[in-house]
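Reading the structure
Here's the letter readout for the chains.
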Amino acid sequence: MPYWDEKSDDMESYLRRFEAFADQNKWDDSERSCYLSALLKGKALTYFQELSQEDAESFKTVKKHLLTRFQCTEEGFRTQFRSARPQPEETMGVFHSRVRRYFFRWLELAEIGKDFEKLADLLLREQILSGVSTQLVVRLPLSRVSLDTPYFAGTVEACVIENPVCDVILGRIEGSTFHCSEVVAAVVTRAQAARL
C-alpha cells in the first residue's frame, strides 16, 4: 500500500483502497489504525495527531475524523459539486465522472436515497439559498434528533443552534399536531423538566 500523497490522493478514495487492502490482510480495527498512521504524511498526519490515544486506536473514529477534516462530508461534497470546473487537460468524460461522484456522494450523505420528494426538497432548498442575499443566509449544522413532545414524537433532521433560548423549537414538521392558530408559550422537554 503506497503512502498518502497530499498532491495526488483524494482522502475518500485512499481510505477505500486502504480498507480493501486491510480486508485482504484480515486486520482488526486497531491494526488498521496503526498501519494507516504509518502511511500518513503532511496534513493527514497532522489531522491524525489531533486525536486522543483512545480515538487513534479506533479505525472507525480515525476514518470519520480524516473524512471530516478533508471535507468529505455532505457539505463538502455539495460545495465541490457546485464549484466543480474542468481541470487543465481533464477530458469531459473524466470531468463528468468527477462531478457525478460529488453529486451522488452529496445525495448519499444527505440520506436522500431514491426518494424523489427528498431530492426535490434538497434541490429547492439549494436554489432558494443561492438566490437569497448572502447577508441573510446562515448555514446551520444539521443533526438527526429524536423528539417526544405533546406535539410531535419521532426522529427529525434539526438545525443545531449555539446558545438556543430553549431546548427545542418546533416548526413545520410532517406529523406534528401543532397548528399555527394555537398559542403555545413553550414546550418543556424532559431535559428542561429535570433542571426545574
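In what follows, the structure referred to is the one given above.
Residues numbered from 1 in each chain as written. Predicted model: local features only at pLDDT ≥ 70, side-chain atom pairs only at ≥ 80, totals over all residues. Heavy atoms only, no water.

So, on to the packing of aromatic side chains. On inspection of all chains with the given rule, the structure shows twelve aromatic pairs. The interplanar angle of 75° and the centroid separation of 5.6 Å between the aromatic rings of F21 and W27 together place this pair among those described as edge-to-face. When the ring of F81 is compared with that of W106, the centres are 5.7 Å apart and the planes differ by 35°; the resulting orientation is tilted. Pair noted here: F81 is in helix 6 (residues 74-83) and W106 is in helix 7 (residues 92-109), with a separation of 25 residues, a long-range link. Owing to a relative accessible area of 1%, W106 belongs among the buried residues under this scheme. By way of ring pairs, the aromatic residues F18, F21, W27, Y35 and F59 are connected into one cluster. (Phe/Tyr/Trp six-rings, centres within 6.5 Å; stacked < 30°, edge-to-face > 60°. Helix = DSSP H or I, 4+ residues; strand = E, 2+ residues; numbered from the N terminus. Buried < 20%, exposed > 50% of the residue type's maximum accessible area, 1.4 Å probe, protein only.)

Take the side chain of R105 next. Topologically, R105 is positioned in helix 7. A polar contact of 2.4 Å, which involves the side chain of R105, links it to the side chain of E12. Once residues within four sequence positions are removed from consideration, R105 is found in contact with E12 and F77. (Polar contact = N/O pair within 3.5 Å; in protein donor to acceptor, adjacent residues only side chain to side chain. Contact = heavy atoms within 4.5 Å.)

Attention now goes to helix 2 (residues 29-39). Within helix 2, burial applies to R32, S33, L36 and L39. Projected onto a plane normal to the axis of helix 2, the buried residues spread over an arc of 125° and lie on a single side. Turning to helix 2, the residues buried within the fold contact helix 1 (11-25), helix 3 (42-48), helix 4 (53-56) and helix 5 (59-69). (Arc of directions from axis to C-beta.)

With seven bridges joining them, strand 1 (residues 142-148) and strand 2 (residues 153-159) adopt antiparallel strand pairing. Its bridge partner being in strand 2, S146 is matched across the sheet by T155. In this structure, the hairpin formed by strand 1 and strand 2 is closed by a connection of four residues. (Pairing = 2+ DSSP bridges.)

This part covers the nonpolar core. Core analysis: the biggest nonpolar cluster contains 32 residues, and W4, M11, F18, L36, L40, L66 and F70 have the highest contact counts within it. Broken down by element, this core gets its largest block of residues, six residues, from helix 7. If we ignore the near neighbours within four places in the chain, the residues touching F18 are M1, W27, R32, Y35, L36, L39 and F59. (Core = buried A, V, L, I, M, F, W, Y, C linked by side-chain atoms within 4.5 Å.)

As enumerated under the stated definition, the model contains eleven salt bridges in all. Two residues, E108 and R105, come together in a salt bridge whose shortest N-O distance is 2.9 Å. Residue E108 and its partner R105 are located together in helix 7, separated by three residues, close to a single helical turn. The exposure class of E108 is exposed, given its relative accessible area of 52%. A single network of salt bridges, built from pairs that share partners, joins D10, E12, R16, R101, R105 and E108. (Salt bridge = Lys/Arg side-chain N within 4 Å of Asp/Glu carboxyl O.)

This next bit is on helix 7. Its 18 residues place the ends of helix 7 26 Å apart at the C-alpha level, agreeing with the 26 Å of an ideal helix rising 1.5 Å per residue. Taken together, the buried positions of helix 7 are occupied by F95, R98, V99, Y102, F103, R105, W106 and L107. Two residues or fewer after helix 7 comes E111, characterised by a positive phi angle close to 60°. (Expected span 1.5 Å × (residues − 1).)

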